[in-house]
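Chains, contacts and geometry: an overview
Okay, here's what each chain looks like letter by letter:
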Amino acid sequence: MTRRALVLAGAGVLALAAAGTAVAVAGGGPFGGPGGRPGGGDGAAGPSAPAVPATTPITRQDLVDTKTVEGSLTYSGERRIVTDARGVVTWVPAEGAVVRRGRPLLRVARRPVVLMYGTLPLYRTLRQGVADGPDVEQLERNLKVLGYGGDLTVDDHFSYATYLAVRQWQDDAGLPRTGQVDATQVVFLPAAARVTDARAEVGARTTPGQPALVVSGLRRLVHVDLSTSDQTLVRKGAKVTVELPGGERVRGRVTSVGTVAKAASQGEGQDEDSTVDVDITLAKTPRTRLDKAPVQVELVSERRRNVLAVPVEALLALREGGFGVEVAEGAATRIVPVETGAFGGGMVEITGAGLAEGMEVGVPAP
């Protein structure tokens, strides 16, 4: 009986869940053993005269099993911008605009709220007589970079030279020349900012403490709300592959894994639907400029090294349970029961009595 006839004579075709590939069901008699057991039920298969229509060799290789999860392409470091400015908003940047040092984040009553670089928020008014501190040094460094204060020494002391530099900067920026700086005039952020959401509308009135903008950094990243049941698949530093809109595939690395689970949907069990935040840095800048674009992320779920492997379609589901492969030896074939291991790239790990690298096993005809 040919391999095709063997497949048709079986109980049907089983779906192999780990690979989504059909597996033939092997019966008995045609392989030399009664009752559907190769070789008379002792696990060894007798020879069968016709050769299989196609064969492939057993290989020894590493297998990597992956799991694909959904994510979104976004930008790093999202945060809300709050100022002490009060009045009618007269200008806001467009969503997607990039604001750099010395440029306005918005205008209130035609006066700019300017971006400067630094890690400390402007938590007090900086003027002559204020206590020394790192926030003073942060302001002075920005003034120097922007070209103000030729005689200014960058340190933690607000000197008369600092006062003069502030007045010069205020004059050029269109701000009152007070010589002092507060949170109505400046917002400190670590670097240039990309506007992701303009909360303040032109013509609306803003008040201190009211969010005006939502901004992010310029670095592209992928964010995944990963099910806690898959948390073992990721670790900081792990390599992944990301499929972007348009089919572009980019390598990435996990840069952060959340430690606090959050419910994916209210009213349902957190054990089933809770997620953790996972951020992935891409190895190169993607071609697409879409924000919040859906992506597919391939995570490595298992890696097996130096194992015997065959294509998944070489597996036969045995009537008595389990799987086997049809070993071709010249014009004869025999069924060898196997234990399956890892799946990956259309291949499956197998172990079985007498199997070795290079042996030919039957596969469906192309």
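This section reports on the structure supplied with the text. (Residues numbered from 1 in each chain as written. Predicted model: local features only at pLDDT ≥ 70, side-chain atom pairs only at ≥ 80, totals over all residues. Heavy atoms only, no water.)

Scanning the protein chain for helices and strands turns up four helices and 24 strands. Counting over 366 residues, the protein chain shows a buried share of 42%. For the protein chain, restricting intrachain contacts to residue pairs at least 6 apart in sequence, the fraction spanning at least 24 positions comes to 65%. Surface summary for the protein chain: the accessible area is close to 18,600 Å², and the carbon and sulfur share equals 48%. (Helix = DSSP H or I, 4+ residues; strand = E, 2+ residues; numbered from the N terminus. Buried < 20%, exposed > 50% of the residue type's maximum accessible area, 1.4 Å probe, protein only. Contact = heavy atoms within 4.5 Å. Areas by Shrake-Rupley, 256 points an atom, 1.4 Å probe, with all protein chains shown as cover.)

The subject of this paragraph is the sheet that holds strand β5 (residues 79-82). In spatial order, the strands read β5-β13-β11-β7; together these four strands make up an open sheet with antiparallel pairing. Bordering the open sheet on either side are β5 and β7 (98-99), each of which pairs with just one other strand. Here β5 runs beside strand β13 (residues 211-216); their pairing, made up of four bridges, is antiparallel. When the sheet's bridge partners are listed, R80 is paired in β13 with V214. (Pairing = 2+ DSSP bridges.)

Moving on: the sheet that holds strand β10 (residues 186-189). Ordered in space as β10-β9-β8-β6-β12, the five strands form an open sheet in which the pairing is mixed. Bordering the open sheet on either side are β10 and β12 (205-206), each of which pairs with just one other strand. In this sheet, β10 lies alongside strand β9 (residues 111-117) in parallel orientation, the contact comprising four bridges. Bridging across to β10, Y117 finds its partner in L189. Packing against the sheet, helix α2 (residues 134-145) makes contact with β9 and β10, and its axis sits at approximately 100° to β9. (Axes fitted to C-alpha atoms, helices over the stretch in contact; angles between N-to-C directions.)

The description of two aromatic rings rests on the distance between their centres and on the angle between their planes. One pass over the full model with this rule turns up one aromatic pair. Judged by centre distance (5.7 Å) and plane angle (25°), the rings of Y160 and Y163 are stacked. Linking Y160 with Y163, this pair stays in helix α3 (residues 160-173), spanning three residues, or about one helical turn. (Phe/Tyr/Trp six-rings, centres within 6.5 Å; stacked < 30°, edge-to-face > 60°.)

So, on to the environment of S227. Position of S227 relative to the elements: it lies in strand β14 (residues 220-227). Put simply, S227 and D277 are 50 residues apart on the chain and 9.1 Å apart in space, counted from C-alpha to C-alpha.

What follows deals with the environment of G346. Counting through the fold element by element, G346 comes out in the loop between β22 (332-344) and β23 (347-351). As a C-alpha pair, G346 and L63 span 283 residues in sequence and 9.7 Å in three-dimensional space. Excluding anything up to four places from it in sequence, G346 contacts V310, P311 and V312.

The subject of this paragraph is the pattern of salt bridges. Throughout the structure, instances matching the rule amount to twelve salt bridges. Of the charged contacts, one joins D230 and K67 as a salt bridge, the two residues approaching to 2.9 Å between their closest N and O atoms. Of this pair, D230 sits in the loop between β14 and β15 (239-243) while K67 sits in strand β4 (residues 59-75), placing them 163 residues apart in sequence. On the basis of relative accessible area, K67 is assigned to the partly exposed category, the value being 36%. Each of D225, K262 and D277 takes part in a single network of salt bridges with overlapping partners. (Salt bridge = Lys/Arg side-chain N within 4 Å of Asp/Glu carboxyl O.)

This paragraph deals with unusual backbone geometry. Of note in the backbone geometry, A109 takes a positive phi value of approximately 55° without being a glycine. Among the secondary structure elements, A109 is positioned in the loop between β8 (104-108) and β9. Classification of A109 as partly exposed rests on a relative accessible area of 47%. Positioned with a positive phi, R110 is a non-glycine residue whose angle comes to about 70°. Tracing the sequence through the fold places R110 in the loop between β8 and β9.

A separate point is α2. Between the first and last C-alpha of α2 there are 17 Å, a value that for twelve residues agrees with the 16 Å anticipated at 1.5 Å per step. Among the structural elements, β9, α3 and β10 are those in contact with the buried residues of α2. Just downstream of α2 lies G147, where phi reads positive at about 95°. (Expected span 1.5 Å × (residues − 1).)

What follows covers the side chain of Q170. Residue placement: Q170 occurs in helix α3. Residue Q170 is classed as buried on the basis of its relative accessible area, which comes to 0%. Aside from chain neighbours lying at most four places away, what touches Q170 is L175, P176, R177, T178, G179, Q180 and Q185.

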